[in-house]
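Descriptive analysis of the structure
Take a look at the letters that make up each chain.
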Amino acid sequence: TLDLKSVELPKASSFDVSLNYGDSFIATDQAIKKFINSKDTGLILLHGIPGTGKSHYIKHLLGESSNRMVYIPTQMARVLSSPGLLQFMLDNGKNSVLIIEDAEEILMERQGDNSAVSNLLNITDGILGDAIGCKIICTFNVDKAKIDRALLRKGRLKLSHEFGKLCIHDSTRLLETLEH
């Protein structure tokens, strides 16, 4: 049987999106927040090399959203449409945001039977998605070209952002604040 446990995460004392990710990320941040606080369903993909701040950003989102955020271990994504998890989501998941970190193995191009991709497709833009009414945020570290094309379709994919290294100007600005 599945159960929800509420946890308190330490909140960043002052989290400045433009300082951590550059001024160009401000519009992306606003679009993500607008989507996760809406009634829409769909998928957000956050990707980039390790250490560029994907998980740090999700921690920030946890404190910014009024919606329930549910962390799903990658292994559970393979059984998202199982009867037990489906009933759990119907009871607890309406308008929730599912977070799946390091989701490479469940997002990769289908070769043979990849039930995880099929489950994500159904939950993000299918009958199951309409019934559950949840959003999914996945992080991954591989090239986006390796992701199953069906997950990237307009309507299903609400937003994709590649976290990269900060430019010299933004790096210098961040370093100056860290030194004080």
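Anything mentioned here points back to the structure above.
So, how was this worked out
- Residues numbered from 1 in each chain as written.
- Predicted model: local features only at pLDDT ≥ 70, side-chain atom pairs only at ≥ 80, totals over all residues.
- Heavy atoms only, no water.
- Helix = DSSP H or I, 4+ residues; strand = E, 2+ residues; numbered from the N terminus.
- Rg over C-alpha atoms; globule rule 2.2 N^0.38 Å.
- Buried < 20%, exposed > 50% of the residue type's maximum accessible area, 1.4 Å probe, protein only.
- Contact = heavy atoms within 4.5 Å.
- Areas by Shrake-Rupley, 256 points an atom, 1.4 Å probe, with all protein chains shown as cover.
- Core = buried A, V, L, I, M, F, W, Y, C linked by side-chain atoms within 4.5 Å.
- Arc of directions from axis to C-beta.
- Salt bridge = Lys/Arg side-chain N within 4 Å of Asp/Glu carboxyl O.
- Phe/Tyr/Trp six-rings, centres within 6.5 Å; stacked < 30°, edge-to-face > 60°.
- Lys NZ or Arg CZ within 6 Å of the ring centre and 35° of its normal.
- Axes fitted to C-alpha atoms, helices over the stretch in contact; angles between N-to-C directions.
- Parallel < 35°, antiparallel > 145°, perpendicular 65-115°, else oblique.
- Left-handed = near helix turned anticlockwise from the far one by under 90°.
- Pairing = 2+ DSSP bridges.

Quick word on the overall build of the protein
For the protein, the count of helices and strands is nine helices and five strands. In sequence order, the secondary structure elements of the protein are arranged as α-α-β-α-β-α-α-β-α-α-α-β-β-α. A compact globule built from 180 residues should have a C-alpha radius of gyration of about 16 Å, and the protein, at 17 Å, falls within 12% of that. Overall, the protein is about 55 × 35 × 25 Å in size when its C-alpha atoms are taken along their principal axes. Within the protein, the proportion of its 180 residues that are buried is 46%. Look at the contacts in the protein between residues 6 or more apart in sequence, and 82% of them connect residues 24 or more apart. For the protein, the computed accessible surface area is about 10100 Å², with 51% contributed by carbon and sulfur atoms.

Overview of the nonpolar core
Of all hydrophobic cores here, the largest spans 29 residues; its most connected members are Ile100 and Leu107. Elements supplying a minimum of two residues to this core: strand 1 (42–48), helix 5 (83–92), strand 3 (97–100), helix 6 (104–107), helix 7 (115–125), helix 8 (127–132) and strand 4 (135–140). Among the elements that make up this core, the one with the highest residue count is helix 7 (five residues). If we ignore the near neighbours within four places in the chain, the residues touching leucine 107 are Leu45, Val117, Leu120, Cys138, Phe140, Lys146, Ile147, Asp148 and Leu151. One finds Val17, Tyr21, Ile32 and Leu159 within the second-largest nonpolar core, a separate group that totals 18 residues.

Description of helix 3 (residues 54–64)
Three or more residues of helix 3 are buried, namely Lys54, Tyr57, Ile58, His60 and Leu61. Buried residues of helix 3, viewed axially, fall in a sector of 155°; they line one side.

Remarks on the pattern of salt bridges
Counted by the stated rule, this structure contains three salt bridges. Close ionic contact of aspartate 29 with lysine 33 constitutes a salt bridge, the shortest N to O distance being 3.1 Å. Here the residue aspartate 29 and the residue lysine 33 both occupy positions in helix 2 (residues 26–36), the gap between them amounting to four residues, near one helical turn. For the pair aspartate 29 and lysine 33, a shared accessibility class is recorded, and that class is buried. Across the salt bridge formed by aspartate 170 and arginine 173, the nearest N and O atoms sit 3.8 Å from each other.

A look at the packing of aromatic side chains
Throughout the structure, instances matching the rule amount to seven aromatic pairs. Plain terms: the ring middles of phenylalanine 15 and tyrosine 21 are 6.1 Å apart, the flat faces sit at 50° to each other, and that makes the pair tilted. Each member of the pair, phenylalanine 15 together with tyrosine 21, is buried. Plain terms: the ring middles of tyrosine 21 and phenylalanine 25 are 5.1 Å apart, the flat faces sit at 50° to each other, and that makes the pair tilted. Linked through ring pairs, Phe15, Tyr21, Phe25, Tyr57 and Phe163 together constitute an aromatic cluster. Just above the ring of phenylalanine 35 sits the side chain of lysine 135; from NZ or CZ to the centre is 5.8 Å.

Comments concerning the packing of helix 2 against helix 3
Here helix 2 crosses helix 3 at 50°, and the two axes come no closer than 11 Å. Comparing their axes, helix 3 and helix 2 come out oblique. Seen along the crossing, helix 2 lies across helix 3 with a hand that is right-handed. Mapping the contact onto sequence places Asp29, Ile32, Lys33 and Ile36 in helix 2 and Tyr57, His60, Leu61 and Glu64 in helix 3.

Structural notes on the pairing of strand 1
Across the seven residues that make up strand 1, a large majority, seven, are buried. Side chains Gly42, Ile44, Leu46 and Gly48 of strand 1 all project onto a buried face; the interleaved residues Leu43, Leu45 and His47 project onto the opposite face, where all are buried too. Pairing of strand 1 with strand 5 (residues 157–163), which is carried by six bridges, proceeds in the parallel orientation. From the neighbouring strand, leucine 45 faces strand 5, where its bridge partner is serine 160.

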